[in-house]
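Secondary and tertiary structure notes
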Amino acid sequence: MTEGLKLKVERRDGLAVIYTDGYINNQGGEEIAEAAYGLLDEGFRTLLLNLAGTKIVNSIGISILIEIIEKMIEVEGRLSFCDLTPTIEKTFHIMGLAQYASIFPDEQAAVTGLQAGAS
Amino acid sequence: MSELGVLEETHLTFRLAPEMELEVRACACEMAKSIRMSTDKVEEVGMAVVEACINAIEHSRAADGQLHLGLAVLGSAEADEPRVLRITIQDQGVGFDCSKLVPPRIEDNLKSIRKRGWGLKIIEGLMDEVNVLSGEGGTSVVMLKVL
């Protein structure tokens, strides 16, 4: 068995960044969802998922990310992704996630893009 | 790709269990690396293998609880030059009717309670050729990746 997904959360001005480290499977997806919903309860409406520490995902984990995207749409918030491996990014495009969640090459580009989108 | 011959072939059997997909992935990726496939393509092979395994874990209901992995390097026998990696993921489960599969769409998925069913679409998007054979004897997913 692999070690579970590790998460770190950084709260900034109007933006919360969730850093993942490890495999995003069903358990990993649930942990991300718990963190994301907690941040929504705190009032954050712009979430950035930094996947620099994740090299493997599976479709069960991604289906939970789709649930988070759905929730963000409901509350008129925004979930974005950055630092994806080329394969994870390609997978998100195959699934059409990029229509509903922005994908940025790295965190700096994400912060700049999200600030521009908010203004 | 029918003119290509088999240059190297390996068969392995795994016990169907949570996270066994990572072991199968590691074997497939090792073979892909050994024939100098590019890093991005190796990762795509890995992701496709994970999805094929998860489908077997979740849906096969194989009485023997096993998954069979076949890895074959295809190429021109004269030049001994690898050209294609063929990966076969096989179970002896209950099978399914491929004609009843409906490809998922994100716009429907977002509104639906069920957000699953992406495995085959991901595999087809990442691999160069995919064939699924399924029936009472089980399911076989044959995936080709060109170097």
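This text goes with the structure placed above it.
What you see is a predicted model, and the numbers here were worked out from it, not measured in a lab.

Criteria and thresholds
- Residues numbered from 1 in each chain as written.
- Chains lettered and ligands numbered in written order.
- Predicted model: local features only at pLDDT ≥ 70, side-chain atom pairs only at ≥ 80, totals over all residues.
- Helix = DSSP H or I, 4+ residues; strand = E, 2+ residues; numbered from the N terminus.
- Rg over C-alpha atoms; globule rule 2.2 N^0.38 Å.
- Buried ≥ 20, exposed ≤ 12 C-beta atoms within 10 Å, placed from the backbone.
- Contact = placed C-beta atoms within 7 Å.
- Nonpolar A, V, L, I, M, F, W, Y, C, P; charged D, E, K, R; others polar.
- Pairing = 2+ DSSP bridges.
- Axes fitted to C-alpha atoms, helices over the stretch in contact; angles between N-to-C directions.
- Right-handed = clockwise from strand over helix to strand, strands pointing away.
- Parallel < 35°, antiparallel > 145°, perpendicular 65-115°, else oblique.
- Left-handed = near helix turned anticlockwise from the far one by under 90°.
- Core = buried A, V, L, I, M, F, W, Y, C linked by C-beta atoms within 7 Å.

Along its length, chain A carries 4 helices and 5 strands. For chain A, the α and β elements follow one another from N to C terminus as β-β-α-β-α-β-α-β-α. Whereas a compact globule of 119 residues would reach a radius of gyration of roughly 14 Å, chain A reaches 13 Å, a difference of no more than 12%. Considering only C-alpha atoms, chain A reaches an extent of 45 × 25 × 25 Å along its principal axes.

Below, the discussion takes up the environment of N109 of chain B. Tracing the backbone shows N109 of chain B in helix α3 (residues 106–111). The exposure class assigned to N109 of chain B is buried, which follows from the 22 C-beta atoms found within 10 Å. Apart from residues lying up to four places away in sequence, N109 of chain B is in contact with I66 of chain A together with P104 and K115 of chain B.

What follows deals with the interface of chain B and chain A. Listed by partner, the interface residues are 20 residues for chain B and 23 residues for chain A. Listed by contribution, the elements that provide at least two residues to the side of chain B that touches chain A are α2 (39–59), α3 and α4 (119–126) of chain B. Broken down by class, the residue content of the side of chain B that touches chain A amounts to 9 nonpolar, 3 polar and 8 charged.

So, on to the sheet that holds strand β2 (residues 66–76) of chain B. All names here are of chain B. Reading across from one edge, β1-β2-β3-β5-β4 is the order of the 5 strands in this open sheet, with antiparallel pairing throughout. In this open sheet, the two strands that pair with only one neighbour each are β1 (5–15) and β4 (129–135). Averaged over neighbouring strand pairs, the angle between their axes works out to 15° when direction is ignored. Sheet analysis places β2 next to strand β3 (residues 81–91), joined by 10 bridges and oriented antiparallel. Across the sheet, the residue bridging to G75 is P82, located in β3. The sheet contacts of α2 involve β2, β3 and β5 (138–146), and relative to β3 the element is tilted by about 15°.

This next bit is on the environment of E44 of chain B. Residue and element names in this part refer to chain B. Structurally, E44 can be placed in helix α2. On the neighbour-count criterion, E44 (24 C-beta atoms within 10 Å) is buried. A C-alpha to C-alpha distance of 28 Å links E44 and S112, two positions 68 residues apart in sequence.

Further remarks concern the pairing of strand β2 (residues 15–21) of chain A. Residues and elements named next belong to chain A. With 5 of 7 residues buried, β2 lies mostly within the body of the structure. With 7 bridges joining them, strand β1 (residues 6–12) and β2 adopt antiparallel strand pairing. By the bridge assignment, K8 is partnered in β2 with Y19. Where the polypeptide runs from β2 across helix α1 (residues 26–41) and back to strand β3 (residues 46–53), its parallel neighbour, the crossover connection is right-handed.

One non-glycine residue, E76 of chain A, adopts positive backbone phi at about 55°. Counting through the fold element by element, E76 of chain A comes out in the loop between α2 (59–74) and β4 (78–82). Using a count of 7 C-beta atoms within 10 Å as the deciding quantity, one classes E76 of chain A as exposed. We note that E19 of chain B has phi near 70°; this positive angle belongs to a residue other than glycine. Tracing the sequence through the fold places E19 of chain B in the loop between β1 and α1 (20–34). Note on E19 of chain B: 14 C-beta atoms within 10 Å, which makes it partly exposed.

Residue and element names in this part refer to chain B. One can describe the packing of α1 onto α2 by two numbers: an axis separation of 8 Å at closest approach and a directional angle of 150°. Classed by the angle they form, the pair α1 and α2 counts as roughly antiparallel. Like other packed secondary-structure pairs, α1 and α2 cross with a definite hand, here right-handed. Here M20, E21, V24, R25, A28, C29, A32 and K33 of α1 come into contact with α2, specifically with K41, V42, V45, G46, V49, V50, C53 and I54. For the contact of α1 with α2, the class distribution of residues is 11 nonpolar, 1 polar and 4 charged.

Here we come to the nonpolar core. In terms of nonpolar packing, the biggest core is built from 66 residues, with L47 of chain A together with A48, V49, C53 and I89 of chain B touching the most fellow members. If you tally residues by element for this core, the top one is α2 of chain B, at 10 residues. In this structure, C53 of chain B is in contact with M20, E21, V24, L67 and I89 of chain B, ignoring residues within four places of it in sequence.

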